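What follows is each chain in one-letter form.
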Amino acid sequence: MNILITGSSSGIGLEIFNELKKDKKNNFFLISRSKQKKINKKNIKHYSIDLSNLNLLKTKLKKILKDANNTVDLIICNAAQGVFGNLENISFNQYKKTMDINFFSHLMIIKSVIPLMKKKNYGHIVNISSGAGIVGLNKSSNYSASKSAMQVLIESISTELNKYNIHAKNIFPGPTKTNFFKQNIHLYKNSLINRGENVKKISQLIVKNLFKKKINIFCQKKTMASFVLKMFPNLL
């Protein structure tokens, strides 16, 4: 199986890769901004790409797909960033960069791979989602807007792709102890990260759900509370 993972050098992306590589039949095409260490195997290729540089990504995608022999069975859209604070203190360029990394880069990857999946009549597209994309959290507009865009994209294309045996889904890890969340104090407080689950445990749950045909999959029940907060925002 040919698997493409973004944001594979740390956190959930790295742990998903570590789980999936236990199956020696899998071939990996990993995208991250920083180089990954100790990758010297024939079935693992790494591409150092800043996903905010969409022109570079467009060029690199040609090489990635060539290296994959124009076959990608599973896409895991994991790479994400966020700038946290009041809207007026976040520049337009910071919003644009977050949208490029969290949304437009993945849209470009998906659009490039879907024709290949259709030819094979098989594929899975997984978006690593967030409760912050369901309901806008305090001082998280930059991150929440980009995650919401990605989640709605997946929901929209899921129906149109099902007839080709291509399954698009959002998997919500829920509060997870990763450096990304710990470094962003506003999201840290909003997501109760201090009570979050171990990243390895959550990644194992994600892997178990990769090939399910549901549109929205929750690794932790507490993430479902985001729907309640969306209906009753005064509870925030």
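For the structure, check the block above.
### Let's talk about the pattern of salt bridges
Enumeration according to the criterion identifies four salt bridges in this entry. The closest approach of N and O atoms between E19 and K22, which form a salt bridge, is 3.1 Å. By relative accessible area, which is 17% here, E19 ends up buried. For K22, a relative accessible area of 55% puts it in the exposed group. Here K96 makes a salt bridge to D100, at a shortest N to O gap of 3.0 Å. Residue K96 and its partner D100 are located together in helix α3 (residues 92-120), separated by four residues, close to a single helical turn. Residue K96 is classed as partly exposed on the basis of its relative accessible area of 44%. Of the residues examined, D100 reaches a relative accessible area of 6% and is grouped as buried.

### Points about the packing of aromatic side chains
Within this structure, the stated rule accounts for four aromatic pairs. Ring geometry for F17 and F28: centres 5.0 Å apart, planes at 85°, overall edge-to-face. Remark: F28 occurs in strand β2 (residues 27-32) and F17 occurs in helix α1 (residues 11-20); sequence separation between them is 11 residues. Side by side, F17 and F28 carry an identical accessibility label, which is buried. Ring centres of F172 and F218 lie 4.6 Å apart, and the angle between their planes is 15°; on these two criteria the pair is classed as stacked. Of the two residues, F172 sits in strand β6 (residues 166-172) while F218 sits in strand β7 (residues 216-218), which places them 46 residues apart along the sequence. A relative accessible area of 2% means that F172 is categorised as buried. Judged by relative accessible area, which is 21%, F218 ranks as partly exposed. For K118, the ring lying beneath its charged end belongs to Y164, and the centroid distance is 4.5 Å.

Conventions used here
- Residues numbered from 1 in each chain as written.
- Predicted model: local features only at pLDDT ≥ 70, side-chain atom pairs only at ≥ 80, totals over all residues.
- Heavy atoms only, no water.
- Salt bridge = Lys/Arg side-chain N within 4 Å of Asp/Glu carboxyl O.
- Buried < 20%, exposed > 50% of the residue type's maximum accessible area, 1.4 Å probe, protein only.
- Helix = DSSP H or I, 4+ residues; strand = E, 2+ residues; numbered from the N terminus.
- Phe/Tyr/Trp six-rings, centres within 6.5 Å; stacked < 30°, edge-to-face > 60°.
- Lys NZ or Arg CZ within 6 Å of the ring centre and 35° of its normal.

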